[in-house]
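Breakdown of the fold
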Amino acid sequence: MKLLDICEAIVDCPHSTAKDEGKGYPLIRTPNIGKGRLKFDGVHRVSEQVYNQRNERAVPQAGDLILAREAPVGNVAIIRQGQQVCLGQRTVLIKPNKKYVDPDFLVYYLLSPELQHKLLSSSNGATVSHLNMSSIRSLEVQVPGIDVQKRIGAILARIDDKIELNAAINENLESQAQAIFKSWFVDFEPFGGVMPEDWSECILDSMCSLIIKGITPKYNEHSAQLVINQKCVRNHQIDLSLARCHEPKKVNEKWLQYGDIVVNSTGTGTLGRAAQVLFTPNNMTVDSHVTIIRASKQEYIYYLGLWATSHEHDFEMLQTGSTGQTDLPRERLKQMQIVLPSDSILSSFSKVIKPIADIRIQKQQETQRLSALRDTLLPKLMNGEIDVSAVQI
């Protein structure tokens, strides 16, 4: 059947640009469309007036899908209960007819390799690939019986539910760690609100054994060595699924170690984003658009990690260059001012933070395994290779 035949409506977004007003309704643009779920980090927000104007043709509701027409073409996510959103630029609203198709099934079906290939093949544009509305509406889809659809949708949705739960747990844990950091090293609450006399102020370089930009990689998808790029660093975490493989090279100081901090160092909008390596990195480095900060002492690791993730805005302010060509100079980074607590306090702080860090990385690694499981199951469920008839929902 054609996609239009199993939907109540397929609606293009308004082509006008909506300004970010900082509060109000979430404006879903293509960066906010993940693999199946909407992403609200960094989302733009608009007033009720703009919300009504942009949703005049159709109001996005729970169970509807939002498809990216451009960059990245074909990404699609479902709107969940309680998510009141507004259509941003280069998006399409898909309203499934629930008599014919289960919304969870449809979102994962559209994400299957076969359908993604169809979407990419039907896109056009010399500079920026995009989908036209006729290609979307006429997209041919195969739909099994509604009971089978619901079972497939439920299996994959439950995996994504667990991924979302892990993300919420990690966000809470990081908030706890940041609150402890602020209490100890900004407000000095355990010390009567005053910085202890045996502490001092120094420059970042004096607490580090290495502050350096990464390598220029030679990509090779058959290699076992990974290079982290700026896309991998987001929300104070490192997403290895977005890293790339490159030609084996001799291990040197730029190969990542536990506790290293990575900071995006080029480009407006990404420059300054920071994350810490809280896992054991094997055969892994960063490219030249990312800076590595390495603590010179074991006691500094967790302190510097939380300091860095709480100073992303300060990193951004150090940039040089024009819009689109911005750079974070290493020398400016080295000269940043930082409080240097006593080793005994830093040791006590590490004992408090390490269990939080360990749980965070466990949840992140579990999420990566779940994502891989979902992506492996997806084509097998869609082509009937896995029988779901006995699955209880």
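Report on the accompanying structure. The shown structure was predicted, so the numbers you read here are calculated from the model rather than taken from an experiment. (Residues numbered from 1 in each chain as written. Predicted model: local features only at pLDDT ≥ 70, side-chain atom pairs only at ≥ 80, totals over all residues. Heavy atoms only, no water.)

**Some points on the pairing of strand β5 (residues 65–68)**
Of the two faces of β5, the one carrying Leu65 and Leu67 and the one carrying Ile66 and Ala68 are both buried. By the bridge criterion, three bridges tie β5 to strand β6 (residues 76–78) in an arrangement that is antiparallel. Counterpart to isoleucine 66 in the pairing with β6 is alanine 77. Relative to strand β8 (residues 91–96), β5 runs antiparallel, the two being bridged by four bridges. What sits directly across from isoleucine 66, in β8, is leucine 93. (Buried < 20%, exposed > 50% of the residue type's maximum accessible area, 1.4 Å probe, protein only. Helix = DSSP H or I, 4+ residues; strand = E, 2+ residues; numbered from the N terminus. Pairing = 2+ DSSP bridges.)

**Observations concerning the side chain of serine 135**
Relative to the helices and strands, serine 135 is located in helix α4 (residues 133–137). By relative accessible area, which is 17% here, serine 135 ends up buried. A distance of 2.7 Å separates a polar atom in the side chain of serine 135 from a polar atom in the side chain of asparagine 132. (Polar contact = N/O pair within 3.5 Å; in protein donor to acceptor, adjacent residues only side chain to side chain.)

**Let's talk about the packing of helix α5 (residues 146–185) against helix α6 (residues 301–309)**
For the pair α5 and α6, the least separation of the axes is 10 Å and the interaxial angle reads 100°. On the basis of their axis angle, the class for α5 and α6 is roughly perpendicular. On α6, the residues touching Glu174, Ala177, Gln178, Phe181 and Phe185 of α5 are Tyr303, Leu306, Trp307 and Thr309. Classifying every residue of the contact of α5 with α6 by side-chain character gives six nonpolar, two polar and one charged. (Axes fitted to C-alpha atoms, helices over the stretch in contact; angles between N-to-C directions. Parallel < 35°, antiparallel > 145°, perpendicular 65-115°, else oblique. Contact = heavy atoms within 4.5 Å. Nonpolar A, V, L, I, M, F, W, Y, C, P; charged D, E, K, R; others polar.)

**Notes on the packing of aromatic side chains**
Scanning the model with the defined rule gives 13 aromatic pairs in all. When the centroid spacing of 4.9 Å and the interplanar angle of 80° are considered together, the rings of phenylalanine 185 and phenylalanine 349 count as edge-to-face. In this pair, phenylalanine 185 sits in helix α5 while phenylalanine 349 sits in helix α9 (residues 343–382), placing the two residues 164 residues apart along the sequence. Exposure remark for phenylalanine 185: the relative accessible area of 4% places this residue in the buried category. One residue, arginine 244, lies across the ring of tyrosine 219, its end atom 3.7 Å from the ring centre. (Phe/Tyr/Trp six-rings, centres within 6.5 Å; stacked < 30°, edge-to-face > 60°. Lys NZ or Arg CZ within 6 Å of the ring centre and 35° of its normal.)

**Points about the environment of glutamine 142**
Examined against the element boundaries, glutamine 142 turns out to sit in the loop between α4 and α5. Glutamine 142 sits 241 residues away from asparagine 383 along the chain, and the two C-alpha atoms are 9.6 Å apart.

**Overview of the sheet that holds strand β7 (residues 86–87)**
Within a sheet, each strand pairs with its neighbour through backbone hydrogen bonds, oriented either parallel or antiparallel. Strand order in this open sheet of three strands is β4-β2-β7, and the pairing throughout is mixed. Strands with a single pairing partner mark the edges of an open sheet, and in this sheet they are β4 (44–46) and β7. Relative to β4, strand β2 (residues 25–28) runs antiparallel, the two sharing three bridges. Across the sheet, the residue bridging to proline 26 is arginine 45, located in β4.

**Some details on the environment of aspartate 102**
Among the structural elements, aspartate 102 can be located in the loop between β8 and α2 (103–111). In sequence terms aspartate 102 and glycine 153 are 51 residues apart; their C-alpha atoms lie 7.4 Å from each other. Beyond its immediate chain neighbours, meaning those up to four positions away, aspartate 102 contacts Ile146, Gln149, Lys150 and Gly153. There is a polar contact of 3.3 Å between the side chain of aspartate 102 and the backbone nitrogen of aspartate 104.

**With respect to helix α3 (residues 113–122)**
Among all positions of α3, only Leu115, Gln116 and Leu119 are buried. The arc that holds every buried residue of α3, seen down its axis, measures 100°, which confines them to one face. Opposite the packed face of α3, turned more than 90 degrees from it, sit the exposed residues His117 and Ser121. Contacts from the buried residues of α3 go to α2. (Arc of directions from axis to C-beta.)

**A few points about unusual backbone geometry**
Residue phenylalanine 188 is not a glycine yet carries a positive backbone phi of 55°. The topology assignment puts phenylalanine 188 in the loop between α5 and β9 (200–203). With relative accessibility at 12%, the residue phenylalanine 188 sits in the buried group. Phi at asparagine 235 is positive, roughly 55°, even though this residue is not glycine.

**A word on the sheet that holds β5**
With respect to topology, five strands assemble into an open sheet ordered β1-β8-β5-β6-β3, the strand pairing being mixed. Lying at the two open borders of the sheet, with one neighbouring strand each, are β1 (7–12) and β3 (36–37). Inspection of the sheet shows β3 paired to β6 by two bridges, in the parallel sense. Within β6, the residue paired with glycine 36 across the bridge is alanine 77. Lying on the sheet, α2 is in contact with β1, β3, β5, β6 and β8; it crosses β6 at an angle near 165°.

**Section: the packing of α2 against α9**
At a minimum axis separation of 10 Å, α2 and α9 run at an interaxial angle of 100°. Comparing their axes, α9 and α2 come out roughly perpendicular. Contacts between α2 and α9 involve Phe105, Tyr108, Tyr109 and Leu111 from the first element and Arg374, Leu378 and Met382 from the second.

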